[in-house]
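Single-letter residue listing:
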There are 2 protein chains.
Amino acid sequence: MDIDSVSPPGPRPTLRERKKQRTREALVDTALRLFTQRDFDSVTLDELCDRVEVSKRTFFRTFASKEEVAMAPYEDMWKAFIAELETRPVDAKRSILQVLQDAVLAAMRTMNTGDWAHRLLSCTRLAGRTPAIEAHCLYFCGVTVRAALDVLHRRFGLDPHDLRPRLALDILAAAFHRALETWADRPQDPTVEHLATDTLAAFAAIPGSLTLTGVAPANQGG
Amino acid sequence: MDIDSVSPPGPRPTLRERKKQRTREALVDTALRLFTQRDFDSVTLDELCDRVEVSKRTFFRTFASKEEVAMAPYEDMWKAFIAELETRPVDAKRSILQVLQDAVLAAMRTMNTGDWAHRLLSCTRLAGRTPAIEAHCLYFCGVTVRAALDVLHRRFGLDPHDLRPRLALDILAAAFHRALETWADRPQDPTVEHLATDTLAAFAAIPGSLTLTGVAPANQGG
DNA sequence: CACCACCTTGCCACTGAGTGGCGTTTGCTT
DNA sequence: AAGCAAACGCCACTCAGTGGCAAGGTGGTG
């Protein structure tokens, strides 16, 4: 539950922590590779732990569930989002939703190390075809939204009984998930900047989604 | 995955199906009672099956998981929502979001039999304090949204690449979940009409959530 | 360098969810 | 009444996840 993988705290961490971090990265890497080559369900934790040469007990000291290791890159980004939200300037001229958009864009750009984008692509596609992973992903997103709501209340002087900030966060999550979907369908190599572009496009579609109307096809059914 | 519990198809179903239905209702009732009295995790399926005098094998022929039996009332309503959406008139003067609101209100009113409201209250509160149930609930909602999107594309002549219908559905889901939260906090006895009121209130808050701005508290942090 | 304290790991045994196979019961049909 | 198919119960099994305890590595101290 700690966020030591997001922002290195200046002085290099102790050897013990670096080892822990290496184990964590090896687990994520190997897990994403195995889950992608075969199926999430057909890869047992025993097999994964054998490959990384780690005991199952250690696995569960690093991740809370089999799903969590697959969604680590996604979760890391949401943790960075919370951190970003803590430092955004409060400006009455910029709507909450715009501030949230700024924060999510800034968060994904802080992840621009190594090939985080490749890992995020893997776990996004994995989530798209594995119910258990998708469920875990949505739950984690819900927890993050509640944490972000606390930050909004504390820093932006909002009424805790007002539904609107919470709805704004839900809409942010929806837009970001749509962006991920679009981005994961791109044929080229995944980059953070493409993801940013798709995120902006999803946000831009929000106002129209409230007023959009339909037209009956030629053969009107019912 | 069938929806035989939602709308009785005129002629009374066969005895075999009525028995199946009784078993299903007994399982839901007993499960909600046990999960509420104690904890979701501390009630084993063996215990639940003993109480209902049903084999564990039969349980898994009726529900796909331990979480599903707890969320049955919630899932039934979403199934009714899909059915409603199939029959809503197509009117270019009414926005998609308004149509969705109509459908969800109509769906909850079709559930107005027995004490569905009480069961929904139980499972809403359960979902609020049980991660595994909340995750399953969000996943099921996601599946429903995709099914609803198909209906929109087919009946309302929308472009499959347009993000707006999908965002409208995500916003609907968010508003309904906020309504459920508000409703589950009411001290009085739960009724469908109160839920409808809270749903309308949540929908009414949507436009404002896009434009809401914050103000820094006295001690501006950051 | 030696030693101790502590954090981390590995091993073992265990619980409980979920699945497949198969023989038996029960409701439907003619 | 007899035959059929659906549903059920029982059994054995896999695998995720947990608790306890002993062993090994790490950091700090004299």
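Residues numbered from 1 in each chain as written. Chains lettered and ligands numbered in written order. Predicted model: local features only at pLDDT ≥ 70, side-chain atom pairs only at ≥ 80, totals over all residues. Heavy atoms only, no water.

S.K.: Just to check I follow, could you spell out empty space enclosed by the protein for this structure?
M.R.: The probe, sized like a water molecule, is rolled over the atoms to show the empty space still left. Residue and element names in this part refer to chain A. Under the defined criterion, the tally for this structure stands at one cavity of 30 Å³ or more. Of the voids in this model, the largest cavity is the one considered here, and its volume is about 40 Å³. As for the largest cavity, its lining consists of Leu 121, Arg 125, Trp 183, Arg 186, Gln 188, Asp 189, Pro 190 and His 194. Residues of the lining of the largest cavity, tallied by class, amount to three nonpolar, two polar and three charged. (1 Å grid on protein atoms, 1.4 Å probe; cavity = no way out; pocket = protein on both sides within 12 Å on 5 of 7 lines; lining within 4 Å. Points joined across faces, edges and corners; volume = space filled by probe spheres on them. Nonpolar A, V, L, I, M, F, W, Y, C, P; charged D, E, K, R; others polar.)

S.K.: How should the interface of chain B and chain A be read in this particular structure?
M.R.: Note on interface size: it is often stated as the accessible area lost on association of the parts. Chain B puts 52 residues into the contact, and the matching count from chain A is 49 residues. Of the roughly 4,200 Å² buried between chain B and chain A on both sides combined, carbon and sulfur atoms contribute 66%. In terms of surface lost to chain A, no three residues of chain B exceed B:Arg178, B:Leu210 and B:Leu212, which account for 16% of the buried area on that side. Our enumeration of links across chain B and chain A arrives at four salt bridges. A salt bridge links B:Arg178 to A:Asp170; the shortest N-O distance between them is 3.1 Å. Where chain B packs against chain A, one counts nine residue pairs in polar contact (both at pLDDT 80 or more). Looking at the side of chain B that touches chain A, the elements that each hand over two or more residues are helix H6 (96-110), helix H8 (131-156), helix H9 (163-185) and helix H11 (206-211) of chain B. At 13 residues, the largest contribution of residues to the side of chain B that touches chain A is made by H9(B). By residue class, the composition of the side of chain B that touches chain A is 27 nonpolar, 12 polar and 13 charged. (Contact = heavy atoms within 4.5 Å. Buried area = accessible area lost by both parts, 1.4 Å probe. Salt bridge = Lys/Arg side-chain N within 4 Å of Asp/Glu carboxyl O. Polar contact = N/O pair within 3.5 Å; in protein donor to acceptor, adjacent residues only side chain to side chain. Helix = DSSP H or I, 4+ residues; strand = E, 2+ residues; numbered from the N terminus.)

S.K.: Please explain helix H8 (residues 131-156) of chain A as it appears in this structure.
M.R.: For the α-helix, the turn length of 3.6 residues means that residues three or four positions removed from each other point alike. Counted at 1.5 Å a residue, the expected span for H8(A) with its 26 residues is 38 Å, and the 36 Å between its end C-alpha atoms agrees. Residue A:Gly157 follows H8(A) closely and has a positive phi angle near 55°. (Expected span 1.5 Å × (residues − 1).)

S.K.: Would you mind showing me how to read the nonpolar core here?
M.R.: Grouped burial of nonpolar side chains is what soluble globular proteins tend to show. Within the largest apolar cluster, 154 residues are counted, with the highest numbers of intra-cluster contacts made by A:Tyr74, A:Phe81, A:Leu100, B:Tyr74, B:Phe81 and B:Leu100. Leaving out residues up to four positions away in the same chain, B:Tyr74 has contacts with B:Leu120, B:Cys123, B:Cys137, B:Phe140, B:Cys141, B:Phe176, B:His177 and B:Leu180. (Core = buried A, V, L, I, M, F, W, Y, C linked by side-chain atoms within 4.5 Å. Buried < 20%, exposed > 50% of the residue type's maximum accessible area, 1.4 Å probe, protein only.)

S.K.: Is there a simple way to think about the protein's contact with DNA strand D in this case?
M.R.: Around DNA strand D, 21 residues are found, and the nearest of them are A:Thr14, A:Arg16, A:Lys19, A:Lys66 and B:Thr58. Put simply, 61% of the atoms of DNA strand D that lie within 4 Å of the protein are in sugar or phosphate. Taking A:Lys19, its side chain carries an N or O atom lying 2.6 Å from a phosphate oxygen of DNA strand D. The backbone of A:Leu45 places a nitrogen or oxygen atom 3.2 Å from a phosphate oxygen of DNA strand D. (Near = heavy atom within 4 Å.)

S.K.: Looking at this model, I keep getting lost on the relation of the copies chain B and chain A. Mind explaining?
M.R.: Look at the two chain copies: a rotation about an axis and a shift along it is all it takes to match them. Superposing chain B onto chain A takes a rotation of 180° combined with a translation of 0.0 Å along the rotation axis, leaving an RMSD of 0.0 Å. Those values place the two copies in the arrangement expected of a two-fold rotation axis. Minimal C-alpha separation from the rotation axis in chain B is found for B:Ala135, amounting to 2.5 Å. Same-surface contact between copies: 94% of interface residues of chain B are shared with the interface of chain A. (Least-squares fit on C-alpha atoms with pLDDT ≥ 70 in both.)

S.K.: It is not clear to me how helix H5 (residues 72-87) of chain B should be interpreted in this structure. Could you clarify?
M.R.: In this model H5(B) runs 23 Å from its N-terminal to its C-terminal C-alpha over 16 residues, within 8% of the 22 Å that 1.5 Å per residue would give. Buried residues dominate H5(B), accounting for 13 of its 16 residues.

S.K.: What am I meant to see in the pattern of salt bridges here?
M.R.: Working definition: two side chains of opposite charge can pair if their charged atoms are close together. Using the criterion set out here, one finds 30 salt bridges over all chains in the structure. Put simply, A:Arg146 and B:Glu134 hold a salt bridge, and the shortest N to O gap is 3.2 Å. Separated into two different chains, A:Arg146 in helix H8 and B:Glu134 in helix H8 make up a pair that spans both. Judged by its relative accessible area of 35%, A:Arg146 is partly exposed. The class of B:Glu134 is buried, set by a relative accessible area of 13%. One network of salt bridges, in which partners are shared, links A:Arg166, A:Asp170, B:Arg178 and B:Glu181.

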